[in-house]
Amino acid sequence: MKLIISTTSPYSRKCRVMARELGLADEVEEIEAHPFDDDPALLQANPLGRVPCLVLDDGQAFTESGLIADYLCEQAGEPWPRGWNDRRLEALGSGLLDLTVARRVEMVRDEGIQSEFWIQRRERGIMRAIDEIEQAVGDLESPLAQGPLTMAVALAYMDFRYPESGWRTGRPHLTALLDAWESRPSFRATLPPAGT
Ligand SMILES: N[C@@H](CCC(=O)N[C@@H](CS)C(=O)NCC(=O)O)C(=O)O
């Protein structure tokens, strides 16, 4: 199968980390496409024009990182716990990702059309979400599940695109969660290239 990705996309990173963690790296060929270049291979696989997109050997394409993550877990024999608590944590982590990406999109618009209203609205949402997540991950048994991974990917993306947020201050559980993921080869192998 082929996984169409961008190396700076946190949604792509989640799927790339999972392929490595689940022992599927040899079966998942990564193909790079920058979504804003309207790469024909990406548009053919995913009419939404977004990464990641997983294309199976029979041509069937899966969009949405959460769906791709579930598919990869099934292929690997469901080695990670996946109850409602994990799904709840994953939804919070995905929401944090969405807000952080939306903030970034607003920040890179030309100055004249940037909206301070939307930037501030996203930032308030991000801070409320990480406070909630700090409580929610307090008694996690293991970082190896989709919920904690999604949160770790979102926090790493904040370090990458919103480093001035200062999210670590007063949030020891989140700091420990990202530290745990950053020590893993799968996470190190999927770092966005420097200077991007
Ligand atoms: N909900 C989607 C979001 C994917 C997404 O927004 N990817 C971004 C890159 S980080 C993208 O391809 N953006 C291009 C666009 O929105 O046109 C998922 O979880 O896969």
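First things first, this report covers the structure right here in the doc. (Residues numbered from 1 in each chain as written. Predicted model: local features only at pLDDT ≥ 70, side-chain atom pairs only at ≥ 80, totals over all residues.)

## So, the nonpolar core
- Counting residues in each nonpolar core, the largest one holds 46 residues, and the members touching the most others are Leu96, Met151, Ala152 and Leu155.
- Formed jointly, this core draws a minimum of three residues from each of two domains, domain 1 (2–75) and domain 2 (84–184).
- If we ignore the near neighbours within four places in the chain, the residues touching Leu155 are Trp167, Leu174 and Leu178. (Core = buried A, V, L, I, M, F, W, Y, C linked by C-beta atoms within 7 Å. Buried ≥ 20, exposed ≤ 12 C-beta atoms within 10 Å, placed from the backbone. Domains from an automatic or database assignment. Contact = placed C-beta atoms within 7 Å.)

## Considerations on the site of the ligand
- In the neighbourhood of the ligand, the contacting residues comprise Ser6, Ser9, Tyr11, Pro35, Gly49, Arg50, Val51, Pro52, Glu64, Ser65, Gly66 and Val101.
- Split into classes, the residues belonging to the shell around the ligand amount to five nonpolar, five polar and two charged. (Near = placed C-beta within 6 Å. Nonpolar A, V, L, I, M, F, W, Y, C, P; charged D, E, K, R; others polar.)

## Quick notes on the environment of Cys15
- By secondary structure assignment, the location of Cys15 is in helix α1 (residues 10–21).
- A sequence separation of 40 residues divides Cys15 from Val55, and the C-alpha atoms of the two residues are 13 Å apart.
- Other than its neighbours up to four places away in sequence, Cys15 contacts Leu3, Pro52, Ser65, Ile68, Ala69 and Leu72. (Helix = DSSP H or I, 4+ residues; strand = E, 2+ residues; numbered from the N terminus.)

## Details of the sheet that holds strand β2 (residues 29–32)
- Strand order in the open sheet formed by four strands is β2-β1-β3-β4, and the pairing between neighbours is mixed. Of all strands in the sheet, those with a lone pairing partner are β2 and β4 (61–63), marking the two edges. Neighbour-to-neighbour, the strand axes of this sheet turn through a mean angle of 20°, independent of strand direction.
- Of the pairings in the sheet, the one linking strand β1 (residues 2–5) to β2 comprises four bridges and is parallel in character. Among the inter-strand pairings, Ile5 is bridged to a residue of β2, identified as Glu32. (Pairing = 2+ DSSP bridges. Axes fitted to C-alpha atoms, helices over the stretch in contact; angles between N-to-C directions.)

## Details of the environment of Ala69
- Considering the arrangement of structural elements, one finds Ala69 in helix α3 (residues 65–75).
- Spatially, the C-alpha atoms of Ala69 and Arg124 are 28 Å apart, while their sequence positions differ by 55 residues.
- Setting aside anything within four residues of it in sequence, one finds Ala69 in contact with Lys14, Cys15, Met18 and Gln146.

In short, shape yes, function no, at least from these values alone.
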